[in-house]
Amino acid sequence: MFVLFLVLLAGMQVQACVNRVPECVPQCKDCGATGKCLTPNVCLCDKGYSNRRDRGHCEPECSESCLNGRCVAPDECECLAGHRFVNGSQTECQPICAEDCSNGRCLESGKCECYTGYQRNETLRKCLPICQDVCFHGDCVAPNECRCHRGYEPRLSVPWICDPVCSSGCPNGNCLDPEVCFCRTGYAHKENSLASGCEPVCNPSCVNGTCISPGHCSCDEGHVFAEGSRNVCVPSCRSGCENGFCSAPGRCDCHEGFEKSSPHRCTPICQTGCGRNSRCTAPDTCACEAGYVFVNGSTTECEPFCPKGCRYGICSSPGVCTCFEGYQALLPFYCIPNCPGPCIYGTCVAPNVCRCFNGHRPSPTLGTSVCQPICSQDCGHGHCIAPESCQCDEGYAKRWPHGSCEPHCPQKCVNSHCEGSGQCRCYEGYKMRPGSVSICDPVCSPACRNGTCVEPNSCACSAGYEDTKVPYECVPICRPRCENGRCSAPGQCECLPGHLATNSSEPNSCRPQCREQCINAECLAPEQCVCLPGYRFIPDSSTECEPVCSKGCRSGQVCIGPETCEGIGSLISPTAGRHPVLHWFMFLLAILLCLALVMTPLLVLRELQRRRRGGDKQRTHLIENPSYGVVQANGEEAANELGIGLGD
């Protein structure tokens, strides 16, 4: 409808122009070669063109938008400057990069942006694929895709690792490079070829055998290992080959100097023959029979042998001796000289010859066969019975084992020495014990006090006593030490005047005593009371103390303890000003009532205390407290004893 309207409108304008002279035509910006200007700045565009953006201008239309380009003709795109068509496309243009942008896309800035799975390598100036695991012996040709080098193949289940390939299989070795085997220890390449497999090596090489593993040979059939060898195999003769050698399996040949006595035995040959008690054991070699040895200088004659020798005799047969004349056999291999009579304190060293033992000499009167002991010191009152040993006469004895005989006392002389005739003399500093003739006791002057004399002028304290600076005096020991007293006997303290041990569990602790009771005070010295903190003595009293209130107490209150006031002054009604006389009367009455309630039990209890305890004085005393009755200062013992109840 719109087009028809435009056509009618154009026809009317043409008709109007025809009626006018000269004729007028509409003007448009650019309707193109195929378009028509219908009205001013309104074009009628041909097929493939459009004036949508500007009605007075016909522009070509492209069915697909030109990316990074412009439409220059119907369905014909032209890339912008610095761009080019993407491969296979006529509508999409991409920027042109100066560098290689394979595996990526070129940005408007002229830089190359790599695709996913690729990264830029500035050295090579291109996009390279990324492999998460490094390709060993291979190249990364696509994201997470490795291509093995020539001569390598991917490892099973680990495709990014390429292992070298050896066509031989590389038995007994490892394939390190393509067609390159590395043999294990004890193996070597076959025919010295690196590509071939590996075979075991035996060094030294196997003789008459095959190397089956490194250093292990296996003998060929009919062969066995030579004695002491594991690589040399020799022919085997199952029936043996004595004094010969097996030249082939089952064949025995004799050594030189031997002759065959049986198919599997060879015997030696001695050209000169063997003499008495010997036999041929090797070619031209004789050996003695058991129990015989060669005669000096001979290699064929043998004589009997006695392994322990024959002292004073000859070896007549193996291990048997025959004694010389004048000797007799003590053992089968030992002969001793024979003396007709016994050698006393001596030994027979040759036929009819005696030699005295050490410490003895031949008797000058009894002959050479009798020896006597020698004593270098004169035995005195005794005679020599052994070398350096005397036997004393009756009444004499030896002080030392090898000494001479001296006077002897039958009883032992203690701290004394024997003078003879059974009498002892005391050493210096000792005296004979009364009633004894052999025991001497040490003497201490002056005598030991509370101790025993153990050496001359040396005392040892008795049990429960200890030394002092005075050598002869010992004093008793008290543990713990006596407090306010002196130790009069072991473990017993004697209190000083005015003190007394009041606690049975502490017998060594003496406490000061006061005849009169200390009230609100402590007895710290005999007959001396000291007020407790916050108390002072009542005037004209040295035993009773009262509390101190330094700031005083208000009207109607009394000082019941150090800096403590209490009374009924605070309980007075606020209406006290109305009836002052009545209220003051009630206040005084209350004070008197309180004093009566407090003082009456106090006086009764003090009287009971005075009667029960008599004159016994304690260090711990009672404290009077008008508010709470009677309170103990230092413990609960006195309160329990007197039956005093504490205030609530």
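Conventions adopted
- Residues numbered from 1 in each chain as written.
- Predicted model: local features only at pLDDT ≥ 70, side-chain atom pairs only at ≥ 80, totals over all residues.
- Heavy atoms only, no water.
- Helix = DSSP H or I, 4+ residues; strand = E, 2+ residues; numbered from the N terminus.
- Buried < 20%, exposed > 50% of the residue type's maximum accessible area, 1.4 Å probe, protein only.
- Contact = heavy atoms within 4.5 Å.
- Areas by Shrake-Rupley, 256 points an atom, 1.4 Å probe, with all protein chains shown as cover.
- Phe/Tyr/Trp six-rings, centres within 6.5 Å; stacked < 30°, edge-to-face > 60°.
- Lys NZ or Arg CZ within 6 Å of the ring centre and 35° of its normal.
- Patch = residues over 30% accessible without salt bridge, like charges linked within 9 Å, V, L, I, M, F, W, Y side chains within 5 Å.
- Salt bridge = Lys/Arg side-chain N within 4 Å of Asp/Glu carboxyl O.
- Pairing = 2+ DSSP bridges.
- Core = buried A, V, L, I, M, F, W, Y, C linked by side-chain atoms within 4.5 Å.
- Disulfide = S-S within 2.5 Å.
- Polar contact = N/O pair within 3.5 Å; in protein donor to acceptor, adjacent residues only side chain to side chain.

Quick look at the overall build of the protein chain
A count of helices and strands for the protein chain gives three helices and 64 strands. Across the 648 residues in the protein chain, those meeting the buried criterion constitute 24%. Taking as baseline every contact in the protein chain between residues at least 6 positions apart, the subset at least 24 positions apart corresponds to 20%. A total of about 43300 Å² of accessible surface is found on the protein chain, and carbon and sulfur atoms cover 53% of it.

Quick look at the packing of aromatic side chains
Inspection of every chain in the model, using the stated rule, returns two aromatic pairs. Considering the side-chain rings of Tyr312 and Tyr327, the 4.6 Å spacing of their centres and the 15° angle between planes classify their relative orientation as stacked. With Tyr312 in the loop between β32 (302-304) and β33 (313-317) and Tyr327 in strand β35 (residues 327-331), the pair connects residues that are 15 residues apart, well separated along the chain. When the ring of Trp584 is compared with that of Phe587, the centres are 5.8 Å apart and the planes differ by 85°; the resulting orientation is edge-to-face. In this pair, Trp584 and Phe587 are both assigned in helix α2 (residues 580-613), three residues apart and thus about one turn of the helix distant. Overall, the relative accessible area of 47% leaves Trp584 in the partly exposed class. By relative accessible area, Phe587 is classed as buried at 5%. In this structure, Arg230 is placed above the aromatic ring of Phe225, and the distance from its NZ or CZ to the ring centre is 4.2 Å.

Some points on a nonpolar patch on the surface
Where nonpolar side chains cluster on the molecular surface, the patch consists of Leu592, Leu595, Met599 and Leu603 and spans about 390 Å² of accessible area. Classification of Leu592 as exposed rests on a relative accessible area of 56%.

Quick look at the pairing of strand β6 (residues 76-79)
Going residue by residue along β6, you find Cys77 and Cys79 tucked away on one face and Glu76 and Glu78 left uncovered on the opposite face. Judged from the four bridges that link them, strand β5 (residues 69-73) and β6 form a sheet pairing that is antiparallel. Across the sheet, the residue bridging to Ala73 is Glu76, located in β6. Connecting the antiparallel pair β5 and β6 is a turn made up of two residues, with Asp75 showing a positive phi of about 55°.

Some details on the pattern of salt bridges
Taken as a whole, this structure holds 18 salt bridges when the rule is applied. Two residues, Glu242 and Arg265, come together in a salt bridge whose shortest N-O distance is 3.3 Å. On the criterion of sequence distance, the pair formed by Glu242 in the loop between β24 (233-235) and β25 (244-248) and Arg265 in strand β28 (residues 265-268) is long-range, its members being 23 residues apart. For Glu242, a relative accessible area of 40% puts it in the partly exposed group. Note that Arg276 and Glu301 form a salt bridge whose closest N and O atoms lie 3.3 Å from each other. In this pair, Arg276 sits in the loop between β28 and β29 (278-282) while Glu301 sits in the loop between β31 (292-294) and β32, placing the two residues 25 residues apart along the sequence. Overall, Arg276 belongs to the exposed group, its relative accessible area being 59%.

Digging into unusual backbone geometry
The linkage connecting Asn203 with the following residue, Pro204, adopts the cis geometry, with an omega of 0°. Tracing the sequence through the fold places Pro204 in the loop between β20 (198-200) and β21 (209-213). In this structure, Pro446 follows Ser445 across a cis peptide bond, with omega equal to 0°. Considering the arrangement of structural elements, one finds Pro446 in the loop between β48 (440-442) and β49 (451-455). In this model, Asp75 sits at a positive phi of 55°, which is unusual for a non-glycine residue. A positive phi is found at Asn484, a non-glycine position, where the angle reads about 60°. Within the secondary structure, Asn484 sits in the loop between β52 (474-476) and β53 (485-489). Residue classification places Asn484 among the partly exposed residues on the basis of a relative accessible area of 32%.

Structural notes on the nonpolar core
For soluble globular proteins, the rule of thumb is that nonpolar side chains tend to be buried together. Counting residues in each nonpolar core, the largest one holds nine residues, listed as Cys514, Cys518, Ala521, Cys523, Cys529, Cys531, Leu532, Tyr535 and Cys545. Every element with two or more residues in this core is listed here: β57 (521-525) and β58 (528-531). Counting seven residues, the second-largest nonpolar core is a separate cluster that includes Cys97, Cys101, Cys106 and Cys127.

Quick notes on the environment of Pro332
Mapping Pro332 onto the fold places it in the loop between β35 and β36 (334-337). Taking the C-alpha atoms as reference points, Pro332 and Lys308, 24 residues apart in sequence, are found 9.5 Å from one another.

Some words on the pairing of β36
Burial along β36 is one-sided: Cys335 and Pro337 are buried, while Tyr334 and Ile336, pointing the other way, are not. By the bridge criterion, four bridges tie β35 to β36 in an arrangement that is antiparallel. Residue pairing for β36: Leu331 is matched across the bridge by Tyr334.

Details of the state of the cysteines
For the structure shown, the criterion picks out 47 disulfides. Note on cysteine connectivity: Cys237 is disulfide-linked to Cys246, with sulfurs 2.0 Å apart. Across the S-S bond linking Cys237 and Cys246, the dihedral sits near 90°, which makes this disulfide right-handed. Linked covalently through their sulfurs, Cys270 and Cys280 form a disulfide whose S-S length is 1.9 Å. An S-S torsion of about 85° defines the bridge between Cys270 and Cys280 as right-handed. You can see Cys270 sitting in the loop between β28 and β29 and its partner Cys280 sitting in strand β29, a full 10 residues away along the chain. Given the relative accessible area of 17%, Cys270 is considered buried.

Here we look at the side chain of Ser363
Note that Ser363 resides in strand β39 (residues 360-363). With a relative accessible area of 5%, Ser363 lands in the buried category. Within the local environment of Ser363, its side chain forms a polar contact with the backbone nitrogen of Leu366, the two atoms lying 3.2 Å apart. Side chain to side chain, Ser363 and Gln372 meet in a polar contact 3.2 Å long. Beyond its immediate stretch of four places on either side in the chain, Ser363 contacts Val370, Cys371 and Gln372.

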